[in-house]
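So you can see what is in the structure, the chains are spelled out below.
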Amino acid sequence: MKKKLFSLLITCFLLACGDNAGLIPDVNEPGLAEEQELIPISFNLGFSLEVTPLRASASAFNLKYLDYLVFTAYDEDDIHGTAGPGMLYKKRSFINSDGHIQDSLPSGYYHVVFVANNESPFLFTGENALEGVSMTTSLSAVPEVFYSSGFIHIENKEELREDYAYLYRNVGKVEIVVEDIIPADVETIEITVQPMAHTYIIQCGSSGDSIATMFDHVQMSGSLSQLGSITENDEGNRTMLPFSFLSYENIEAWRIEKEERPDGPGFLIEAVPVRTPVTITMQVYGGGNLLAEKQITNVDILRNKTVRYTGHLFENTAFSLLVDDNWTGTEEITF
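What counts, and where the lines are drawn
Throughout, a residue's number is its position along its own chain's written sequence, starting from 1. A pLDDT threshold of at least 70 governs which residues receive local features in this predicted model, and a stricter bar of 80 or more applies before side-chain atom pairs are shown or counted, although totals over entire chains, interfaces and linings include all residues. Heavy atoms throughout the structure, all of them, feed into the side-chain values; hydrogens and water do not. Strands here are runs of E lasting at least two residues and helices are runs of H or I lasting at least four, both read from the DSSP assignment and numbered beginning at the N terminus. A simple rule labels every residue: compare its accessible area, found with a 1.4 Å probe on the protein chains alone, to the largest value its type can have, and call it buried under 20%, exposed over 50%, or partly exposed in between. Throughout, a contact is declared for two residues whenever any of their heavy atoms are within 4.5 Å. The Shrake-Rupley method, run with a 1.4 Å probe, gives the accessible areas here. Residue values count only the displayed protein chains as cover. Strand pairing is defined by DSSP finding a minimum of two bridges between the two strands. Where helices are involved, their axes are fitted lines through C-alpha atoms of the stretch in contact, as for all axes, and angles between N-to-C directions lie from 0 to 180°. The nonpolar core is taken to be a set of buried Ala, Val, Leu, Ile, Met, Phe, Trp, Tyr and Cys residues, with the residues joined through side-chain atoms within 4.5 Å. Each salt bridge in this description consists of a side-chain nitrogen of Lys or Arg and a carboxyl oxygen of Asp or Glu lying within 4 Å of one another.

1. Description of the overall build of the protein chain
Piece 1. What the protein chain contains, in helices and strands, is zero helices and 28 strands.
Piece 2. Every one of the 335 residues in the protein chain was classed for burial, and the buried ones make up 46%.
Piece 3. A sequence separation of at least 24 residues applies to 69% of the contacts in the protein chain between residues at least 6 apart.
Piece 4. With the model as given, the accessible surface of the protein chain reaches about 16,300 Å², and the carbon-plus-sulfur share is 49%.

Structure representation (structure tokens):
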């Protein structure tokens, strides 16, 4: 996957919007300079086509928690007397939102972010778009997160701004399917995932000669540990139920590739994701002893895809890998 540096600007589409729903009153809005005229703006949020099956119709916006973040333009002259260049200008939180948001902003350029899920309010640290704003939840594991960001230019009051923002699934799923019949002496199966991408960074400003964090990326730290659920099937055999977890993509930075243009001076600049591999360890215990252990290494979490590993704990064979494209179709790979 490659990403062009000059493709950061995201076009907003114009559609009608309605009233806000469930606004949480604790908002972060630095005081405006008195001479700044506020211009009405509306947003209509909807899922991208790839996640449309999550709701029955376009009017059934069913996300419980929604945060709306607005960053100032990098030119502080656009908003006199408020936050500095790249600073967080406004944050609003909604609960049980219908997807329609109405607001007002002074003229200027803005980086607008929408992030939502169904399980837990988001926690944000940092107030500078250039240094990065971190996004986590209060859960130990990452919930299903939907995300959208883009740049808008607000010019004058005569121009009615009614913008449409697509929400994309911003996490991937990893599943483990154990095909063994679990022996009677097995008491527990411990599964550890390390490292985990609990924290998502919304943009950043640092860039070296070849590595950059100027795009959205994650911090890989900590681990996730859970017990596999052992059950008995219809034939009376003990089996382990499929284990799964969600995570942000394991991209901690971007590698900058430069290529001299053949038709003149300058460079064609591309960014390639720098991934931190994830290791999944499965340990089988019984009678206080370690009976079996298997590791799956170099695991990648892919946004909006399910990576499914299927195999045996008690045989010296590798797990097979299937990648569900867009959360549904499959492609089989053996490692």
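2. Concerning the sheet that holds strand β14 (residues 188-194)
Piece 1. Pairing in this open sheet of four strands is antiparallel, and the strands run β18-β14-β24-β25 from one edge to the other. Only two strands of the sheet have a single neighbouring strand rather than two, namely β18 (224-227) and β25 (289-299). This sheet shows a mean twist of 15° between the axes of neighbouring strands, independent of strand direction.
Piece 2. As paired strands, β14 and β18 are joined by four bridges and run antiparallel to one another. If you follow Thr 192 over to β18, its bridge partner there is Ser 225.

3. Brief notes about the nonpolar core
Piece 1. Membership of the largest hydrophobic core comes to 48 residues, with the highest contact counts inside it found for Met 135, Ile 176, Tyr 248, Ile 280 and Tyr 309.
Piece 2. Sequence-distant contacts of Met 135, defined by excluding residues within four places in its chain, comprise Val 115, Phe 122, Leu 123, Phe 124, Val 145, Tyr 147, His 198, Thr 199, Tyr 200 and Tyr 248.
Piece 3. Counting residues in hydrophobic clusters, the runner-up holds 22 residues, among them Phe 47, Leu 63, Val 70 and Phe 114.

4. Brief notes about the pattern of salt bridges
Piece 1. Counted under the stated rule, the structure contains five salt bridges.
Piece 2. Between Glu 249 and Arg 275 there is a salt bridge; the shortest N-O distance is 2.8 Å. With Glu 249 in the loop between β21 (243-247) and β22 (251-260) and Arg 275 in strand β23 (residues 267-275), the pair connects residues that are 26 residues apart, well separated along the chain.
Piece 3. Linked through salt bridges whose partners overlap, the residues forming this network are Lys 90, Arg 92 and Asp 103.

5. A few points about the sheet that holds strand β10 (residues 133-137)
Note: strands within a sheet are paired through backbone hydrogen bonds, in either parallel or antiparallel orientation.
Piece 1. Reading across from one edge, β9-β10-β15-β17 is the order of the four strands in this open sheet, with antiparallel pairing throughout. If you trace the sheet from one side to the other, it starts and ends with β9 (122-125) and β17 (217-221), each paired once. If you compare each strand with its neighbour and ignore which way they point, the axes differ by 30° on average.
Piece 2. In this structure, strand β15 (residues 196-202) lies alongside β17, joined through four bridges in antiparallel fashion. Pairing of Thr 199 across the sheet is with Gln 219, part of β17.

Honestly, it's all geometry; don't read function into it.
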